[in-house]
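What follows is each chain in one-letter form.
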Amino acid sequence: MPPAPRTVRELIEAALDDPDPDGPVRWQVISMLRERGDLECFIEARRLCAADSVAERLLGVDILGMLPAYVDRTLPVLRYLAAGEDDAMVLYSVLIAFGHLADPRSLPSVIDLAGHSDSRVRYGAAYALQHVLGNPPDRAGLDMLRRLTCDSDADVAGWASLGVALATGREV
């Protein structure tokens, strides 16, 4: 007899038990929650985003970024975190989630974080910008992406250069 399906809460606990934010158990759980993609997954992820623990907020953000069916409910949560979060890794994950959701309504938050002092956050912004620029590309967003091509961090500059090329259909 196959094992009983695990509850959303049990899956989240399993992901939180994996201490590595890039760990295989954690991302397998996120993948399972993405496949499930129901309201319970969204509610639990949103709850995690309000937690005191960085690990819980990080997991909540990573789950929300994989639930495109709830983008209208997700964007306010992510924009709230983008405006008030102190942890650079949570901000990075917020930006990656914005990129995965690819909704131009997140552009102001992405632009605001593109000048962050932490290169991980700027890298996340460089990734997100190309996905949230809209069509045609928003001028302010494209200008910010171009500025990031000159970033002091080579990874940020490289990702931004790729983003400009993809957004404009030409090389930088």
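Look up a bit, the structure's there.
All residue numbers refer to positions counted from 1 along the written sequence of the respective chain. Totals for whole chains, interfaces and linings use all residues, but because this is a predicted model, local features are given only for residues with pLDDT of at least 70 and pairs of side-chain atoms are given and counted only at 80 or more. Note that the side-chain values use all heavy atoms of the structure and ignore hydrogens as well as water.

A few words now on the nonpolar core. Here, nonpolar core means buried Ala, Val, Leu, Ile, Met, Phe, Trp, Tyr and Cys residues that are tied together by side-chain atoms lying within 4.5 Å of each other. Burial here depends on accessible area, computed with a 1.4 Å probe over protein chains only, as a share of the maximum for the residue type. Under 20% is buried, over 50% is exposed, and the range in between is partly exposed. Judged by nonpolar contacts, the single largest core of 53 residues is most densely connected at Ile63 and Phe98. Each helix corresponds to a stretch of at least 4 residues labelled H or I by DSSP, and each strand to a stretch of at least 2 residues labelled E; elements are numbered beginning at the N terminus. Considering each element in turn, this core owes the most residues, eight residues, to helix H6 (residues 88-101). Residue contacts are defined here by distance: any two heavy atoms, one from each residue, within 4.5 Å place the two residues in contact. Residues contacting Phe98, with those up to four places away along its chain left out, are Leu75, Leu78, Arg79, Ala82, Asp103, Ser106, Ser109, Val110, Ala128 and Val132.

Our focus in this paragraph is the packing of aromatic side chains. Centre distance within 6.5 Å is the pairing criterion for rings of Phe, Tyr and Trp, where only the six-membered ring of Trp is used; planes under 30 degrees apart are then read as stacked, over 60 as edge-to-face, and the remainder as tilted. Tallied over the full model, the rule gives four aromatic pairs. Measuring from centroid to centroid gives 5.4 Å for Phe42 and Tyr70, while their planes differ by 15°, and the two rings are stacked. Of this pair, Phe42 sits in helix H3 (residues 39-49) while Tyr70 is found in the loop between helix H4 (54-64) and helix H5 (71-84), placing the two residues 28 residues apart along the sequence. On the basis of relative accessibility, which here comes to 0%, the residue Phe42 falls in the buried class. Judged by centre distance (6.0 Å) and plane angle (40°), the ring pair of Tyr123 and Trp159 falls under tilted. Here Trp159 lies in helix H10 (residues 154-168) and Tyr123 lies in helix H8 (residues 119-132), a separation of 36 residues in the sequence.

Turning next to the side chain of Arg57. With respect to the helices and strands, the residue Arg57 is situated in helix H4. With relative accessibility at 12%, the residue Arg57 sits in the buried group. Arg57 has contacts with Leu48, Cys49, Ala51, Asp52, Leu81, Glu85, Asp87 and Val90, leaving out every residue within four places of it along the chain.

Listed as buried for H3 are Cys41, Phe42, Glu44, Ala45, Leu48 and Cys49. Tucked into the core, H3 has its buried residues touching helix H1 (8-17), helix H2 (24-36), H4 and H5.

A few words on the pattern of salt bridges. Each salt bridge in this description consists of a side-chain nitrogen of Lys or Arg and a carboxyl oxygen of Asp or Glu lying within 4 Å of one another. Scanning all chains against the criterion turns up twelve salt bridges. Its salt-bridge partner being Glu13, residue Arg9 comes within 2.4 Å of it at the nearest N-O pair. You can see Arg9 and its partner Glu13 sitting in helix H1, four residues apart, about one turn around the helix. Under the relative-accessibility criterion, Arg9 is labelled partly exposed at 29%. The partner of Arg36 in a salt bridge is Asp38, with the nearest N and O atoms 2.7 Å apart. Residue class for Arg36 comes out partly exposed when judged on its relative accessible area of 36%. Here the residues in one salt-bridge network are Arg9, Glu13, Glu44 and Arg47, joined through shared partners.

Let's shift gears to the packing of H2 against H4. A pair of packed helices can be characterised by two numbers: the angle between their axes and the separation between those axes. Where H2 contacts H4, the two axes come as close as 9 Å, and the packing angle between them is 40°. As the angle between them shows, H2 and H4 are arranged oblique. You can see that H2 and H4 cross each other, and the crossing is right-handed. Counting all contacts with H2, which are made through Arg26, Trp27, Ile30 and Leu33, the residues of H4 involved are Leu58, Leu59, Asp62 and Ile63. When residues are grouped by polarity, Ala, Val, Leu, Ile, Met, Phe, Trp, Tyr, Cys and Pro land in nonpolar, Asp, Glu, Lys and Arg in charged, and all others, Gly among them, in polar. Here the residues of the contact of H2 with H4 sort into six nonpolar, no polar and two charged. To get an axis, fit a line to the C-alpha atoms, keeping to the stretch in contact for a helix; angles then go from 0 to 180 degrees between the N-to-C directions. Each angle receives one of four descriptions, namely roughly parallel if under 35 degrees, roughly antiparallel if over 145, roughly perpendicular if within 65 to 115, and oblique otherwise. Two helices crossing with the near one rotated counterclockwise from the far one by less than a right angle form a left-handed crossing, whereas a clockwise rotation gives a right-handed crossing.

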